[in-house]
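Residues per chain are reported as follows:
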Amino acid sequence: MEIIDIIKPENLIYTKTKNMTDKHLSYCPGCGHGTAHNITMEVVEEMGITADTIGVAPVGCSVLAYEFMNIDMTQAAHGRAPAVATGIKRVYPDKFVFTYQGDGDLAAIGGNETLHACNRGENIVIIFVNNGIYGMTGGQMAPTTLDGMRTSTSPYGREIETMGSPLKITELIAQLPGVHYVTRQAVHTAQAVRKAKRAIRKAFEVQKDKKGLAFVEIVSNCNSGWKMEPVASNEWMVEHMFPYFPLGDIKVNGKLK
Amino acid sequence: MADIKLMKGNEALAEAAIRAGCDAYFGYPITPQSEVIEYLMMERPEDRTGMIVLQAESEIAAIHMVYGAAGAGKKAMTSSSSPGISLKEEGISYLAGSELPAVIVNVVRGGPGLGTIQPSQADYFQSTKGGGHGDYRLYVLAPASVQEMVDFVDIAFEVAFKYRNPVMILADGIIGQMMEKVVFPEQKPRLTDEEIEEKYGDWVTNGKRNNKERNIITSLDLDPYKQEAHNHKLQEKYRLMQEDELMYEMIDCEDADYILVAYGSSARISQKAMQLAREKGYKVGIFRLITLFPFPSKELNELAGKVKGFLAVEMSAGQMIEDLKLAIEGKAKAEHYGRYGGVVHSPEEVLEALENQIIKG
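Treat the numbers as computed from the prediction; the structure is a model and nothing was measured.

(A) Structural detail: the overall build of chain B. Looking only at helices and strands, chain B features 14 helices and 15 strands. For 361 residues, the compact-globule estimate of 2.2 N^0.38 gives 21 Å, and chain B sits close to it at 21 Å. The 361 residues of chain B split such that 54% are buried. Contacts in chain B between residues at least 24 apart in sequence constitute 79% of all its contacts with a sequence separation of at least 6.

Structural data, given as structure tokens:
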């Protein structure tokens, strides 16, 4: 089969979801955000809920998520996405509402909003992309920055004694009765992407069944912030991030694993 | 038959919100306005109209819940008192930047800091000059009675949606806590999605229904020229508010030599002071501000050509006096009088200040 035949409509076996716009992603080449966006939007399309879904974008690298996700979107102040999502969901309990947040947004400045939205069991989906660094502002220390990890605000490495330990907020919120499903995934290999997509699907099914809050963490790389080549950053992530932030389900059907 | 009740200002405001067809209230307790959320929780408006009431984890969360609900096209409101309003300023700036309609109630107490729980009018600057970051204005209504706590809720929502701009009802601890006779309007129905779209246009983020174009709510534009154009649009709204939405009341100003300029509780106190002054033979009138933004600069300027002096009466160290002085362009004498930090001036004190600072001064 020639290339010209492959791109004929009748031979297509995969197309980009209509739920992603044609805008060029503003993310660095090699970053996991684009894949995380794409699988989230594919799930929304496959569930047939595009017309009933409202997304909440954070502040951080994914502040412009609304440029790429082709659905109704609201951009929240830094850390406040779970409160904004609460406001939308409470007035439209039958619509699908999700937040898409990074580690600084969700675990630092928005810690209180995250904790209480989870504790109220808001019937929303939270997608939490954790790359252990503030990407957009140029690579500063995040709550999830690993012990000894160098960033522009921990230039000699994160020092636990003065800067605290990397925050496992996902394990923390999993303890709350209002939270129904908690999982930690990644998007660095084809297999991981398929698993992460299944997890996001499950999270939206939890919302559909009105069982409470569903929380999907995606451990991702930040090759620019970590100052590595994309492949090397993924290898570093597997070697250093995964031992501290192990992948897999943490809470399923309201029960801790 | 009219629905007449004897009620506290805060409770009357809460009942008025239900009757205005408000869709959602998000709040956090703080003295002296906690009765608003207490009344709503007791009243269960969800059973009456479907209105949602939620106690948030903080004032910050409450205002951002309002942001979410307002962005979804619903009539959303929150209330607080001074320190809580400071926390809400982040969200208020975002509401203005994203052009979202919402009603914010401030039952002002003395400050700065934790201050006191007694009445004050020291949040005038914060309310009328923006409050949060950026070039924006709130439409600010100042009720002077429990009746106006009721009447202004509906006006606040109408203006908020007409201009897609947050509106503040700036009360104070006296108006919030005192009981007065009050007449309630009929229950307004909550608007359906279709009615919202028909009345206010299709800008809301409540899903891409019927293959409509998607909507985005954001205050961000990284292109400074686009952000400047957006700011021009906001300024044009404020200009239109000045033209079309200004409210004030002139009491016995026709023959007056001296004018007490006041709003809220200070306007009520000034009414007694005016009566005492007239008994002593001074021709005194009251210019009561009802909207604090827009401010009646042109009207006060015209009046300045006809009178001998103004006394700005406010429970602050002198905030509204600055707008008054700008308005009258030095055409007449203008001074400030007011007790503050939670202390309320008496009519006698106001009269004494009028005599010493303006009439004999």
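(B) Summary view of the overall build of chain A. Across its full length, chain A holds 11 helices and 10 strands. A compact globule built from 257 residues should have a C-alpha radius of gyration of about 18 Å, and chain A, at 18 Å, falls within 12% of that. The buried share among the 257 residues of chain A stands at 53%.

(C) Layout of the pairing of strand β3 (residues 96–102) of chain A. Residue and element names in this part refer to chain A. The buried fraction of β3 amounts to 7 of the 7 residues, a majority that puts the element mostly inside the structure. Here β3 shows no split at all, with Phe-96, Phe-98, Tyr-100 and Gly-102 on one side and Val-97, Thr-99 and Gln-101 on the other all buried. Bridge count between strand β1 (residues 53–57) and β3: 4 bridges; the pairing is parallel. The partner of Ile-54 across the bridge, within β3, is Val-97.

(D) Fine view of the sheet that holds β3 of chain A. The 9 strands lie next to each other as β10(A)-β9(A)-β7(A)-β8(A)-β4(A)-β3(A)-β1(A)-β2(A)-β9(B), forming an open sheet whose pairing is mixed. The outermost strands of the open sheet, each flanked by one partner alone, are β10 (255–256) of chain A together with β9 (216–217) of chain B. With 5 bridges connecting them, β3 of chain A and strand β4 (residues 125–130) of chain A associate as parallel partners. Paired with Tyr-100 of chain A across the two strands is Ile-127 of chain A, which belongs to β4 of chain A. On top of the sheet, helix α4 (residues 81–91) of chain A reaches β1, β2 (72–75), β3 and β4 of chain A; it is set at about 175° to β3 of chain A, its chief contact.

(E) Focus on the sheet that holds strand β14 (residues 309–313) of chain B. Residues and elements named next belong to chain B. The 5 strands lie next to each other as β10-β12-β11-β14-β15, forming an open sheet whose pairing is mixed. Two strands in the sheet have a free side with no partner beyond their single neighbour: β10 (248–251) and β15 (333–337). Averaged over all pairs of adjacent strands, the angle between their axes in this sheet comes to 20°, without regard to strand direction. Lying on the sheet, helix α11 (residues 264–279) is in contact with β11 (258–262), β12 (284–289) and β14; it crosses β12 at an angle near 170°.

(F) Structural context of the nonpolar core. The biggest cluster of nonpolar side chains holds 183 residues, and the ones touching the most others in it are Ile-127 of chain A together with Val-66, Val-103 and Ala-156 of chain B. The element contributing the most residues to this core is helix α7 (residues 146–163) of chain B, with 11 residues. The residue makeup of this core includes at least three contributed by each of domain 1 (3–184) and domain 2 (248–359) of chain B. Residues within four places of Val-103 of chain B in sequence aside, it is in contact with Met-77, Val-153, Ala-156, Phe-157, Ala-160, Val-167 and Ile-169 of chain B. Ranked by size, the runner-up nonpolar core spans 9 residues in total, among them Tyr-27, Ile-133, Met-141 and Ala-142 of chain A.

(G) Representation of the packing of α4 of chain A against helix α4 (residues 59–71) of chain B in the model. Interhelical geometry of α4 of chain A versus α4 of chain B gives an angle of 50° and a closest axis separation of 6 Å. Taken together, the axes of α4 of chain A and α4 of chain B lie oblique to each other. The element α4 of chain A and its partner α4 of chain B pack so that their crossing is right-handed. Across the interface between the two elements, Ala-83, Val-84, Ala-85, Thr-86, Gly-87, Ile-88, Arg-90 and Val-91 of chain A of α4 of chain A pack against Ala-61, His-64, Met-65, Val-66, Tyr-67, Gly-68, Ala-69 and Gly-71 of chain B of α4 of chain B. Taken together, the residues of the contact of α4 of chain A with α4 of chain B sort by class into 10 nonpolar, 5 polar and 1 charged.

(H) A look at the domain arrangement of chain B. All names here are of chain B. When cut into domains, chain B gives domain 1 (3–184) and domain 2 (248–359). Its C-alpha centre places domain 1 at a distance of 27 Å from the equivalent point of domain 2. Mapped by element, the contributors of at least two residues to the side of domain 1 that touches domain 2 are α6 (124–128), β6 (139–141), β7 (166–172) and α8 (173–177). In terms of residues, the side of domain 1 that touches domain 2 owes the most to one element, α6, which gives 4 residues.

(I) Up close: unusual backbone geometry. All names here are of chain B. Here the amide bond leading from Thr-31 into Pro-32 is cis, since omega sits at 5°, within 30 degrees of zero. When you line up the elements, Pro-32 lands in the loop between β2 (24–27) and α2 (35–43). The amide bond that connects Gly-111 to the next residue, Pro-112, takes the cis arrangement and shows omega of 0°. In this fold, Pro-112 is placed in the loop between β5 (102–108) and α6. Notably, Asp-252 is not glycine yet its phi reads approximately 55°, a positive angle. Structurally, Asp-252 is set in the loop between β10 and β11.

(J) Inspection of the interface of chain A and chain B at higher detail. In this assembly, 29 residues from chain A lie in contact with 32 residues from chain B. Among the secondary structure elements, those contributing two or more residues to the side of chain A that touches chain B are β1, β2, α4 and α6 (111–119) of chain A. Looking at the side of chain A that touches chain B element by element, the count peaks at 8 residues for α4 of chain A. Residues of the side of chain A that touches chain B, tallied by class, amount to 14 nonpolar, 9 polar and 6 charged. With 2 bridges connecting them, β2 of chain A and β9 of chain B associate as parallel partners. From the neighbouring strand, Thr-74 of chain A faces β9 of chain B, where its bridge partner is Ile-217 of chain B.

(K) The environment of Gly-73 of chain B, seen in detail. All names here are of chain B. With respect to the helices and strands, the residue Gly-73 is situated in the loop between α4 and β4 (76–80). A residue is classified by how many C-beta atoms lie within 10 Å of it, and Gly-73, with 25 of them, is buried. With 123 residues separating them in the primary sequence, Gly-73 and Ile-196 have C-alpha atoms 7.0 Å apart. In this structure, Gly-73 is in contact with Ile-196, Val-204 and Asn-206, ignoring residues within four places of it in sequence.

(L) Broad picture of the environment of Phe-295 of chain B. Residue and element names in this part refer to chain B. Inspection of the secondary structure assignment puts Phe-295 in the loop between β13 (291–293) and α12 (297–304). The exposure class assigned to Phe-295 is buried, which follows from the 20 C-beta atoms found within 10 Å. A C-alpha to C-alpha distance of 36 Å links Phe-295 and Met-41, two positions 254 residues apart in sequence. Apart from the residues within four sequence positions on either side, Phe-295 is in contact with Asp-323 and Ala-327.

(M) Highlighting helix α9 (residues 190–208) of chain A. Residue and element names in this part refer to chain A. Its 19 residues place the ends of α9 27 Å apart at the C-alpha level, agreeing with the 27 Å of an ideal helix rising 1.5 Å per residue. Taken residue by residue, α9 has Ala-196, Lys-197, Ala-199, Ile-200, Ala-203, Phe-204, Val-206 and Gln-207 as its buried positions. Next to the buried residues of α9 lie α2 (33–46), β3, β4, β7 (179–186) and β8 (213–219). Once α9 ends, the next one or two residues include Lys-210, with phi positive near 55°.

What counts, and at which threshold
Residues numbered from 1 in each chain as written. Chains lettered and ligands numbered in written order. Predicted model: local features only at pLDDT ≥ 70, side-chain atom pairs only at ≥ 80, totals over all residues. Helix = DSSP H or I, 4+ residues; strand = E, 2+ residues; numbered from the N terminus. Rg over C-alpha atoms; globule rule 2.2 N^0.38 Å. Buried ≥ 20, exposed ≤ 12 C-beta atoms within 10 Å, placed from the backbone. Contact = placed C-beta atoms within 7 Å. Pairing = 2+ DSSP bridges. Axes fitted to C-alpha atoms, helices over the stretch in contact; angles between N-to-C directions. Core = buried A, V, L, I, M, F, W, Y, C linked by C-beta atoms within 7 Å. Domains from an automatic or database assignment. Parallel < 35°, antiparallel > 145°, perpendicular 65-115°, else oblique. Left-handed = near helix turned anticlockwise from the far one by under 90°. Nonpolar A, V, L, I, M, F, W, Y, C, P; charged D, E, K, R; others polar. Expected span 1.5 Å × (residues − 1).

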